[in-house]
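Results of the structural survey
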Amino acid sequence: MKVLFTGIQPTGELHIGNYFGAIKNWVRLQHQYETYVSIVDLHAITIPYEPSEMQNRILNLALNLYACGIDRENTTLFVQSEVPGHADLTWIFNTVTPLGDLERMTQFKDKARQHRKNVNVGLFDYPVLQASDILLYKGEVVPVGEDQVQHIELTREIARRFNARFGNTFPECKEILTETPRIMGLDGESKMSKSKNNHIGLLDDKETLWKKISVAKTDPARIRRNDPGNPDICNIFSYHRLVTPEEERKEIAEGCRTAGIGCIDCKKRLVENMHRELGPIQERYNELLLEKDTIADILESNNEHCREVAKSTILEVKEKMGLKPVWKI
Ligand code: ADP
Ligand code: TRP
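This is a predicted model, so every value here is computed, not measured.

1. Quick look at the overall build of the protein
The secondary structure content of the protein amounts to 13 helices and five strands. Against the globule reference of 20 Å for 329 residues, the protein gives a C-alpha radius of gyration of 22 Å, in line with a compact fold. Dimensions of the protein, computed from C-alpha atoms along their principal axes, come out at roughly 80 × 45 × 40 Å. Classification of the 329 residues of the protein by burial places 51% in the buried group. Taking the contacts inside the protein whose residues are at least 6 apart along the sequence as the reference set, 78% of them involve residues at least 24 apart. Within the protein, one finds 44 positive and 48 negative side-chain charges whose respective centroids are separated by 5 Å.

Structural data, given as structure tokens:
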């Protein structure tokens with residue numbers, strides 16, 4: 001079986017961008033591959049964070065992911081910093097990665113702008129750590145949202161460079177996107193993101209959904225109830241594409257174009273459909289809250305499995321690079 005590898009940062013509550021943009025694919029694909037999902041805490045510490053909250057965030061993210069449908073038995077969900085090989089391989093890959101490649105990364109440029117006072121070397125090196133995550137397990141498929149595609153391209157490039165210099169070791173991975181790989185925030189202006197306060201939380205109840213959606217922007221040209229609207233440019237309609245069945249969606253689009261349905265009704269139906277999709281996840285999450293200790297045990301045993309896999313890749317790499325004493329080979 002080919003290896004599927006992906007990661008997610010313990011940086012805040014999950015949102016529907018994470019779910020419909022990426023996690024849904026992890027759940028769909030997890031049985032077709034040998035699947036690893038990493039909670040990437042070493043990535044999360046490249047931006048300011050509160051140390052006393054970190055362990056709760058990690059465990060809570062695990063509960064959320066299991067509630068979304070990640071399979072406890074078959075999928076290896078683990079904590080990145082518990083596996084030494086990630087940082088080791090990052091150092092090695094640093095030595096085959098040109099500075100210019102990292103300078104081009106758009107996520108680095110964005111984050112450096114957001115955190116002007118803390119543009120640390122780790123933030124710059126973030127994509128190399130990501131390449132190490134994937135290649136430590138010889139991952140071949142990487143399901144992510146669109147914002148990560150550039151990092152996956154870089155991973156391929158790093159694998160190529162390493163293989164050319166030290167012999168064929170790593171596969172060239174490819175990204176897998178969902179049908180909705182870039183979900184916009186409630187502001188309609190930028191990508192939905194934990195840090196921008198423009199998100200719909202995976203655990204938002206019906207009341208919260210209404211509070212957020214009722215005030216969100218629609219087609220700006222539709223001012224009065226009787227003005228016709230254009231669903232193709234309406235952010236609210238883009239959310240209907242995530243949760244509303246096709247027939248109903250067509251009817252809403254038609255109603256919007258002919259002013260047969262108003263924005264408030266359209267939003268009410270969105271809340272209903274969104275709640276129908278998120279409700280079962282929230283129920284499973286509440287059940288899982290009672291099983292925290294079991295989940296912590298599962299993570300620990302998965303970490304151990306990953307340490308074994310990582311160790312064997314690192315040994316192979318060291319041998320190829322002349323870092324293993326010959327008297328031990
Ligand atoms: P965030 O960007 O909210 O901090 P992460 O960086 O932890 O979230 O991303 C986890 C996964 O969710 C990644 O595969 C990422 O590409 C995806 N993702 C995040 N935000 C969106 C979005 N708005 N639309 C689609 N996918 C997204
Ligand atoms: N950088 C990814 C994000 O922000 C998270 C991540 C870290 C990742 N390592 C990975 C994703 C390896 C895929 C594969 O979403």
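2. Quick look at the site of ligand 2
As a matter of local geometry, ligand 2 sits amid 13 residues, with G7, Y126, Q130, D133 and Q148 nearest to it. Between an oxygen atom of ligand 2 and a side-chain N or O atom of Q9, the distance comes to 3.4 Å. Against a free-state accessible area of 370 Å², the protein chains account for coverage of 91% of ligand 2. Those elements that provide at least two residues to the shell around ligand 2 are strand 1 (3-8) and helix 7 (121-136). At four residues, helix 7 tops the list of elements feeding residues into the shell around ligand 2. Among the residues forming the shell around ligand 2, the class breakdown is six nonpolar, six polar and one charged.

3. A few points about the packing of helix 9 (residues 206-214) against helix 12 (residues 263-288)
Put simply, helix 9 and helix 12 touch, their axes get as near as 10 Å, and they point 145 degrees apart. Here helix 9 and helix 12 pass one another in a crossing that is right-handed. Here K206, L209, W210, I213 and S214 of helix 9 lie close against helix 12, whose contacting residues are I264, K267, K268, L270, V271, E272, M274 and H275. Of the residues in the contact of helix 9 with helix 12, the class split is seven nonpolar, two polar and four charged.

4. Some words on the confidence of the model for the protein
Residue-level pLDDT values for the protein average 96, and 99% of them are 70 or greater. Averaged pLDDT values for the elements of the protein fall to 95 in helix 6 (residues 106-114) and rise to 99 in strand 3 (residues 76-79).

5. Quick look at the site of ligand 1
Surrounding ligand 1, one finds 18 residues, the nearest of these being H15, G145, D147, I183 and M192. Interatomic distance of 2.8 Å between a side-chain N/O atom of H15 and an oxygen atom of ligand 1. Note that a nitrogen atom of ligand 1 is positioned 2.8 Å from one of the backbone N or O atoms of I183. Burial of ligand 1 by the surrounding chains reaches 94%, relative to a free accessible area of 540 Å². Looking at the shell around ligand 1, its residues break down into six nonpolar, eight polar and four charged.

6. Description of the domain arrangement of the protein
Assigned domains within the protein: domain 1 (3-183 + 292-321) and domain 2 (206-285). Computed from C-alpha coordinates alone, the two centres of domain 1 and domain 2 are separated by 34 Å. Taken together, the twelve residues of domain 1 in the interface contact nine residues of domain 2. Surface buried jointly by domain 1 and domain 2 totals about 910 Å² across both partners, of which 73% is contributed by carbon and sulfur atoms. On the domain 1 side of the interface with domain 2, the three residues burying the most area are I16, F20 and A67, jointly 51% of the side's total. Our count for the domain 1 to domain 2 interface comes out at one salt bridge. The partner of E277 in a salt bridge is K24, and the shortest N-O contact between them spans 3.4 Å.

7. What to know about unusual backbone geometry
For K138, which is not a glycine, the phi torsion comes out positive at approximately 55 degrees. Among the structural elements, K138 can be located in the loop between helix 7 and strand 4 (141-143). Positive phi, normally seen in glycine, also occurs at N197, with a value near 55 degrees. You can see N197 is positioned in the loop between strand 5 (174-176) and helix 9.

Criteria and cut-off values
Residues numbered from 1 in each chain as written. Chains lettered and ligands numbered in written order. Predicted model: local features only at pLDDT ≥ 70, side-chain atom pairs only at ≥ 80, totals over all residues. Heavy atoms only, no water. Helix = DSSP H or I, 4+ residues; strand = E, 2+ residues; numbered from the N terminus. Rg over C-alpha atoms; globule rule 2.2 N^0.38 Å. Buried < 20%, exposed > 50% of the residue type's maximum accessible area, 1.4 Å probe, protein only. Contact = heavy atoms within 4.5 Å. Lys, Arg positive; Asp, Glu negative; His and termini not counted. Charge placed at Lys NZ, Arg CZ, Asp CG, Glu CD. Near = heavy atom within 4 Å. Polar contact = N/O pair within 3.5 Å; in protein donor to acceptor, adjacent residues only side chain to side chain. Areas by Shrake-Rupley, 256 points an atom, 1.4 Å probe, with all protein chains shown as cover. Nonpolar A, V, L, I, M, F, W, Y, C, P; charged D, E, K, R; others polar. Axes fitted to C-alpha atoms, helices over the stretch in contact; angles between N-to-C directions. Left-handed = near helix turned anticlockwise from the far one by under 90°. pLDDT = per-residue confidence, 0-100. Domains from an automatic or database assignment. Buried area = accessible area lost by both parts, 1.4 Å probe. Salt bridge = Lys/Arg side-chain N within 4 Å of Asp/Glu carboxyl O.

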